[in-house]
Structures are given as structure tokens and as C-alpha cells.
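Per-entry structural report
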Amino acid sequence: MTLGLAPERDDQPDVTERAEPTGAAGERLVEVAVDAAGAGGAHPYTYAVPARLDDLAAGEAVLVGFGRRQALGVILGPAGDPGEVAVKPISERVRADGPLLPPLSLALARWIASEYLAPPALVIRSMLPPGLLERLELVAERVPTPATGDAPADVVDADLLDQLDAGARPVRDLAAPDGRAGLLRRLRGLEAAGRVTLDWTLLGASAGPRYERWLRLTEAGTVAAATVEGGGRIAGRPLGARQLAVLTELAAVPDGLSGPTVGSRHGSAAVAGLVRRGLVSAAARERPRRPLAARAPGRRGGRPTSAELTDAQAAAVARIRAAIDGRDPRPLLLDGVTGGGKTAIYVEAIGAALEAGRPALVLVPEISMALPLVDRLRADLDASVALVHSGLGDGERADEWRRIRGGEVDIVVGTRLAVVAPLADVGVLIVDEEHDPAYKSDRTPRLQARDTALRLGVLAGAAVVLGSATPAVDSLGRALEGSYDRIVLPSRPAGTAPRVDVVDMRAELAEGNRGLLSGSLDEALATLDTAAGEQAILVLNRRGTASVVLCRDCGHVQACPDCERPLVYHQAGTTLRCHHCGRATPLATRCPNCASPRIRYVGGGTERVEREVRTRHPRLRVARLDRDVADRRGAAERVLDAFASGDTDVLVGTSLVAKGLDVPAVTLVGVVSSDVALNLPDERAAERTYQLLSQAVGRAGRGDRPGRAILQTYQPDHPVIRAVATGDGETFYRTELAARQRFGSPPYGRLVKLTVALADRVAAEHEGEAMADRLRARAATRGTTVIGPAPAYIARRNDRWRYHLVLRGDDPIGTLDGDPGPPWSVDVDPESLL
């Protein structure tokens, strides 16, 4: 993907014709994010600002010479000394609606590019609305003739001026009987004569503002409306009934009304007649696209507003207020039980930032979690809220971006996209469910939104709150070692912790139950008291759709004897391989633990669970929420609203339904497949499973009725299952941290994952081995371990064979020394080694 290369047309500016001397005395030097297709945009480039463009500011778009072409770039800020390197001047300013990004965003862009080894141009693109950089046009506009009068244009140019009478137009849209080259010469002649201006302009084809016709009464119209209302008659031809209705309606709204709306009620002819008589004025006005316009403010299914905070909540708010007032970016880890009242603390913290005159940024991991939080903020705070996530249309995202850049909003709520919103300042940053892997981007720039928020807090001098009932192991480790401040919420303000029952699915299988629902869960659904408003949530671990080799008799999963991590089955070569150390082992035909031949691939799906519940319990109203549903526009909102309002009895879903839902009527939670993801060959597998199960269990028992959670598992004695069942999270975290320290994993070291993908398997493996040899030569002096190459968990994707290299140590980025480029991709601080 390129950063909007200038079109290869004959109306491009001539670099050699307009370039100023390289390195002219007194010229400012600036860094420009440029993309010229390929590796050219791997770092910012230094350019000189010519005297005629001396007012160029950081964040503005420019045209620069890059090789023999012209490319679009964005000024990042002042550049350092280029040494002996020759510096080209910037060719042209590109007109846009002011700087594209504020200084805070530009500083963050520099950090993202450096930290995640991403091309600066792609980082800038990720911060802008879709399509904003796609359409670069040379636009001509007629200059009004001074009152003293200039010599009239030549007759040959009069046609051009006539074409520009209606306003500025792209040069490509002008009639050119003498050809494009002749047209451009004529326009430049008119520009030299001061009759037209020629500017390169970003038109933002897919992201531009939307306009509508706006009607207002003129002064004569106001007099006419008053005359008619007083029973008098206006001069001239009498008005018809519809025209009188239009006058009356507009008289009641001095600011005016939408033309299409008025025309649909009274007829476009009535409106046109009033405009011709000078009684109504019609002008173009921007019609903003608001994602929340059709959603009335108010809570939906949550608990009522409470004026009282618990002592623990009040203490947390006080610490966050102190950080906001002191502009202290030291991270605050808000760690407490599920249902511990974190959202109430968020509301108070945001209120404190707004009191200080600074906006707030709130990140959530999933789109489905954004709307309940927005509902709460709009109900509790008199503030303007912008919503940013990938489910919005391009136009909606562009309009929200313009509102944020223009300083028109108080609070920005969104998924990881929102961390790069164009805020000029921010007083508090809140990362809800900070442990969630959805904060890690899977495409360039592969940023971690939580860690990016931490950096943004440093740049802005803002308080940063990381909230989770199940913190990331590395976050808790940093809190225990003193890098973060930890705030603990020990209990729920309302409701009680649910009872947790563990069901051994091996016994269910032995009894002949081959369905996805155990006898206990089936009975619990049958006795769900829907008449009293009781509801249930069934969670299926979506990651379990990736098959693992599991003994269905004893639950044993074959693990690496060195790393104690589950081994991965690779069809190529028919081997089990450790993705942690690379050890390979033949596939066992019988269970190494109990000698059973019943080794199977385990997996299920949300649709199957939904169908089974409907078949067994036809009285229950069942809905499903998974990625397939959430990807349909507005579907997640409808499903969650129906569940929160009590119109659905059972909600079946993936991890999307296991976090962020605060519905007091939920008394039953069933986790259908508790341990499938536990067996994935990834060092975060145990952590992710513990977090998912704990979050799911925490959805039950938040109201007046006691809650119950049922965990279905083939490994009831696994430490993770026991930790969730007993509520002993501290033991789990201590065990995980000890394992991380042993392997030098975060928070005790950093990881970089390199992936090579080639059509030929042998070539991919050889490329991996060659890269590993090169890196090991440098790694020895930096304390970095190079692991691999090993086949990726999904070894072949898009007709390419994929091999991984993992760098582990204190400074693996320094060992890598920049992005290696194609055919390699780089993932700094990966969420998964699969």
C-alpha cells in the first residue's frame, strides 16, 4: 500500500523547473513521511523548506521529489543534521483543511514507527480517515477581479475563466480543446497574471464531508411570515397553501431546516418558488454523519445510577484525580474482582479530566463493548462523545475524525483504532480490559494499543488507567516490581460471587453423552426461571476451533519435555513440533499417558451450541453473538440491547459475551469448552484461558439473585481450571510469572517474531535458516536468543509457506537493527507465537 502517490499525469508540477538550490542558506530542514512504493518509506526523509513555503507547519501534506517521481508526504517535524547528504527542497504545498494531524499525534506517530519498525507513511495513514490521501488533484480557482479593473483576459482564455465562474474545479474536469499540455500552459499563464490560483489539493474522495441544502428565511421572508401570521397580505402574487406552510415552519426555526426534509413535507416546487421570490435562502451546509445520532442517550439494562461509591472506589478515584491534576503518566493498574465497579470509577475519572478542561480517551477491546460504555457516559456526564471503531462506515469515521481534530468532543471511546485519534490534548486515558489480545493489531503498524496509550500518556502528561479484573501477567508483574501503581478493588458493590461447578466431560462421554451440553448445564437451562427474569450466558472458546490433539479418555495433551508446552501437529512431515524451542516428535497413535487409542481433534462451534439449546429447550429465547454476527452492521448492537432489556433468555457466544456485560438478571453462565485454548502451543495459552474463564464466570450473580457458573472440561485437575473454580488468582499469577522469568518472557524480557512467507516450502525454510544465522552472529553480543526457524502454526496460508523466528531478550529490536523487509514481516511484542 502506498501513501497516495501523485498521479502520473501531464499536469504534475515539474520538479526541476521549480526546485530551489539544495541546501540553500537559512532553509529549515524537516522530516517527511514519504511512501514511494516498496522499501522507500521505511524511515522518514529530510527535506528543505524553500522560502516561498516558509509558513509550512508540521502535520501538513506536501509534494516532494522522490527519485524521478513526485510523492505525497506529511511533515513530521524538525529534522536533525543530515551531514554530507544532499537535501532536496519540498516541491509544493498540498492544500487540505489545515494540518492533517496535531503535534501530539505526530509525536506519537514517530514513536510508533520506531517502536514497531513500521514505515512512518503507513503509521500516518493509520491515523487518518480511509480515503483521505487517495485523491490528489490540481485544482484551479478564479481570482476575483479587483474593483479598479485589470485588462480583460485574452479571448482564448475567456472560456477557462467562464468555466471557473461557478467555483474551484479540478483541472482534469475542465474542457481542453487544445489538449492537456496546452490547458496547463494556459492555466499557468493565468496564474502568473494573477487571474487564477493553482493548488494541489487533497479531495478525500471517500472521506469528504457530506453536504445538504439548508433553508432559512431571508429578511423579506421574515417580514412576509409575520405579515401572514398577523392576517395581512404580502405584495405580489399570493402564496399557495404549501408555501405558507413552509414560511410558517421556517419562521419557528431561525437557524433553518434541511431542504430535503422541508421539500418532502411540502413539495420541492413550493420551496423553489419561495427561493425565486427572495423569501427563502438556500445554501449548502455540511451534514455530519453521527454514529450515535439514532441512539437515544440512556442506560440499557445496567444497574441504576448510584450516588455512593464504596470506600475502595472512592480511594481509587482520589488517586486518579491526583494523577490528572499532577499530569502524572505513571500507569495505574485498576485490579479487582469482576463486577467490582470499575466503570463507576471511569466515569468519575473522566469527569475530573473534563473539570480540568482536558478531554478523555477510553479504549475497549471489542466493538460490542463500546456502546454500553457510551450509554453510561452519555447518561452520567453532560459531554460530547465520539465513537471510533472499524465497524463504522468510511464517512462516519471521517466525520468523527474531523470532530475530534477540531476539538469538538470531550470524550473519545473506541477500539484500538481510537488510540491514534487526532487529539490535541488528553487528560486521562482509560484502557478497559487491558489484558485483552484484541488491543494488538495484526497488520502494519502492528502496534499494541495498550502500550501505545502508555506512551501517549507520557507525551501528553496524562493519567493512564489500565483496568481489568484479570490483568495481563506482564502488567501485574510490572505492578509487583513497582513500575506501575496497583489499585485493588477487593469486592463487588452489589451482588455476590457466583458458585462455580466443574463438570468432567470425560465422565459425560463415558455415559454416552456426545452433545456439547453436559447433563448439569442442560438441567440448569431447563430450570432457568425466565418468569422471574433470569437469564443465561453460554460461552464457547472460539479459539478452540483450531484443533488440538487430545486424549478423550484421560485428557492428556502431549507436551514438549523441555518447555512443558503443548506440541503442535503439523500435517507436513506428520510431526508434533514445539513452537517454543523447535523440538520435533513423531505423532503418537496411542495416548502416552493411558495408552488409549481415542486421540481426537476437539472443537465445536457457536452455531451448533445455539441449535442444541433451541432443540432441547424450545421455550427459551436464544440469540447468538460471535464474530460472524458482529461483522454485520448494527447486529451486535441489536443482540446486546435485546439481551440487556430482557427480550432474550439465553445468549450464546464467543469471548465477546464474556467481558463487559453488566446485566444483573444473569444468574447462569456455562462455559461449553473450557480447556481447548488451554492446549494451544503458545506461552500465553494458560493466561488467556484463565482470563476468559474468570471473565465469563464474573457475568453471573451481579443482581439480587445468586449466580452459578458451570465449567465443562476434559482436564478438571488443570491448575488453570482449579484457579478459576476456587478463585485463587494469586497462585496462578505467581506460577505464570515464575515461568516467564525462567524463559525471559515479558515482563522480564521482550519478544520479536519474524515470519517469512514464500510459495516454495524449501526456499522459505532456507531463508529462515539464513536469517537465523545472520541474527545469531549479532545476538551473541546483545544477550538475545534466536529461536527457530520453525513452521508457523498454520504452516501454509494464501499459497505461501510460513516459518517463524523468535528473538527473545532485553533488546531484540536492537539485534534486528530495523525492518528486514520482504519477504519478512516483523511483529514486535507479539500477543501469540502461533
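Coordinates for the structure precede this section.
What this report covers is the structure whose coordinates are included nearby. (Residues numbered from 1 in each chain as written. Predicted model: local features only at pLDDT ≥ 70, side-chain atom pairs only at ≥ 80, totals over all residues. Heavy atoms only, no water.)

Let's talk about helix H9 (residues 268-276)
One turn of the α-helix equals 3.6 residues, which is why residues spaced by three or four share an orientation. Operational definition: Note on classification: 1.4 Å probe, protein chains only; a residue is buried when its accessible area is under 20% of the maximum for its type, exposed when over 50%, partly exposed between these limits. A run of H or I in DSSP becomes a helix once it reaches four residues, and a run of E becomes a strand once it reaches two; helices and strands are each numbered from the N terminus. The directions from the helix axis to the C-beta atoms form the arc being described.
Regarding H9, the residues found buried are Ala270, Val271, Gly273 and Leu274. The buried residues of H9 occupy an angular sector of 160° when projected down its axis, which confines them to one face. Turned more than 90 degrees off the buried face of H9, the exposed positions are Ser268, Ala269 and Arg276. Following H9 by one or two positions, glycine 278 adopts a phi angle in the positive range, close to 80°.

Describing the packing of aromatic side chains
Rules: Here a Phe, Tyr or Trp ring, Trp counted by its six-membered ring, pairs with any other such ring whose centre lies within 6.5 Å, and the pair is stacked when the planes are under 30 degrees apart, edge-to-face when over 60, and tilted otherwise.
The final tally for this structure, using the stated rule, is 5 aromatic pairs. Arranged with centres 4.4 Å apart and planes meeting at 20°, the rings of tyrosine 690 and phenylalanine 732 form a pair that is stacked. One end of the pair, tyrosine 690, is in helix H21 (residues 685-697); the other, phenylalanine 732, is in helix H23 (residues 729-743), and 42 residues separate them in sequence. Overall, the relative accessible area of 7% leaves tyrosine 690 in the buried class. Note on tyrosine 690 and tyrosine 733: the rings are 5.7 Å apart at their centroids and 80° apart in plane angle, and the pair reads as edge-to-face. Highlighted residues: tyrosine 690 in helix H21 and tyrosine 733 in helix H23, separated in sequence by 43 residues. Here tyrosine 690 matches tyrosine 733 in class, with each residue buried.

Brief notes about the side chain of aspartate 432
Let me state the cut-off plainly: Two residues form a contact once any of their heavy atoms are found within 4.5 Å.
Tracing the backbone shows aspartate 432 in strand E16 (residues 428-432). The contact partners of aspartate 432, leaving out residues within four places of it in the chain, are Tyr346, Leu363, Val364, Pro365, Met369, Tyr439 and Gly467.

A closer look at the pairing of strand E28 (residues 666-673)
Put simply, the rule is: Here, any two strands with at least 2 DSSP bridges between them count as paired.
Buried residues dominate E28, accounting for 8 of its 8 residues. Across 6 bridges, the pairing between strand E20 (residues 535-540) and E28 is parallel. Residue alanine 536 lies in a different strand from E28, and its bridge partner there is leucine 668. Note that E28 and strand E29 (residues 708-713) share 4 bridges and pair parallel. Across the sheet, the residue bridging to valine 671 is leucine 711, located in E29.

Regarding the state of the cysteines
Rule in force here: Only a pair of cysteine sulfur atoms within 2.5 Å counts as a disulfide in this structure description.
Under the counting rule described, the total for this entry stands at 0 disulfides. No disulfide involves cysteine 551; its sulfur sits 3.7 Å from the nearest other cysteine sulfur, which is in cysteine 554.

Quick notes on unusual backbone geometry
The amide bond that connects threonine 444 to the next residue, proline 445, takes the cis arrangement and shows omega of -5°. When you line up the elements, proline 445 lands in the loop between E16 and helix H14 (449-460). Here proline 746 and proline 747 are connected by a cis peptide whose omega angle stands at 10°. Structurally, the position occupied by proline 747 is in the loop between H23 and strand E30 (750-758). Of note in the backbone geometry, arginine 327 takes a positive phi value of approximately 50° without being a glycine. Locating arginine 327 in the fold gives a position in the loop between helix H10 (311-325) and strand E12 (332-336). For arginine 327, a relative accessible area of 46% corresponds to the partly exposed category. At alanine 595, a residue that is not glycine, the phi angle is positive and equals roughly 65°. With respect to the element layout, alanine 595 can be found in the loop between strand E24 (584-586) and strand E25 (599-601).

Details of helix H18 (residues 606-616)
Buried residues of H18: Thr606, Val609, Glu610, Glu612 and Val613, and no others. Buried residues of H18, viewed axially, fall in a sector of 165°; they line one side. Exposed residues pointing more than 90 degrees away from the buried face of H18 are listed as Arg611 and Thr615. Looking at the packing, one finds that the buried side of H18 touches helix H17 (519-526), E20, strand E26 (622-625), strand E27 (650-653) and E28.

Overview of the sheet that holds E30
What counts is decided by this rule: Lines fitted to the C-alpha atoms define the axes, with helices restricted to the stretch that makes contact. Angles between their N-to-C directions range from 0 to 180 degrees.
One open sheet holds the 4 strands; their spatial order is E31-E32-E30-E33, and the pairing between them is antiparallel. Since the sheet does not close on itself, it has two edges, and those belong to strand E31 (785-797) and strand E33 (824-828), each with one partner. Averaged over all adjacent pairs, the angle separating strand axes in this sheet is 25°, with direction ignored. When E30 meets E33, the two strands line up antiparallel, connected through 5 bridges. Bridged to valine 752 within E33 is valine 828.

Remarks on the environment of arginine 699
Selection criterion: Here a polar contact means two N or O atoms within 3.5 Å. Within protein one must be a hydrogen donor candidate and the other an acceptor candidate, and residues neighboring in sequence count only if both atoms are side-chain atoms.
By secondary structure assignment, the location of arginine 699 is in the loop between H21 and E29. Arginine 699 sits in the buried class, given a relative accessible area of 4%. Sequence separation between arginine 699 and leucine 668 is 31 residues; the distance between their C-alpha atoms is 8.4 Å. Every residue in contact with arginine 699, bar those within four places of it in the chain, is listed here: Thr338, Ile537, Val657, Ala658, Lys659, Gly660, Leu661, Val663, Val666 and Val669. At a separation of 3.4 Å, a polar atom in the side chain of arginine 699 contacts the main-chain carbonyl oxygen of alanine 658.

What to know about the environment of valine 123
Assignment of secondary structure puts valine 123 in helix H3 (residues 120-126). Each C-alpha atom, one on valine 123 and one on valine 420, is 9.4 Å from the other, the two residues being 297 residues apart in sequence. If we skip the residues at most four places from it in the chain, valine 123 touches Ala109, Ile112, Ala113, Ala118 and Pro445.

What to know about the pattern of salt bridges
As a reminder of what qualifies: Salt bridge, as used here, is a side-chain nitrogen of Lys or Arg placed within 4 Å of a carboxyl oxygen of Asp or Glu.
Summed over all chains, the structure comprises 44 salt bridges. Across the pair arginine 750 and aspartate 829 runs a salt bridge whose closest N-O atoms are separated by 2.6 Å. Separated by 79 residues along the polypeptide, arginine 750 in strand E30 and aspartate 829 in the segment after E33 bring together distant segments of the chain. Since its relative accessible area comes to 24%, arginine 750 is described here as partly exposed. Overlapping salt bridges, with partners in common, bring together Glu434, Arg450, Asp451, Asp474, Arg478, Arg684, Glu687, Arg688, Arg740 and Glu831 in one network.

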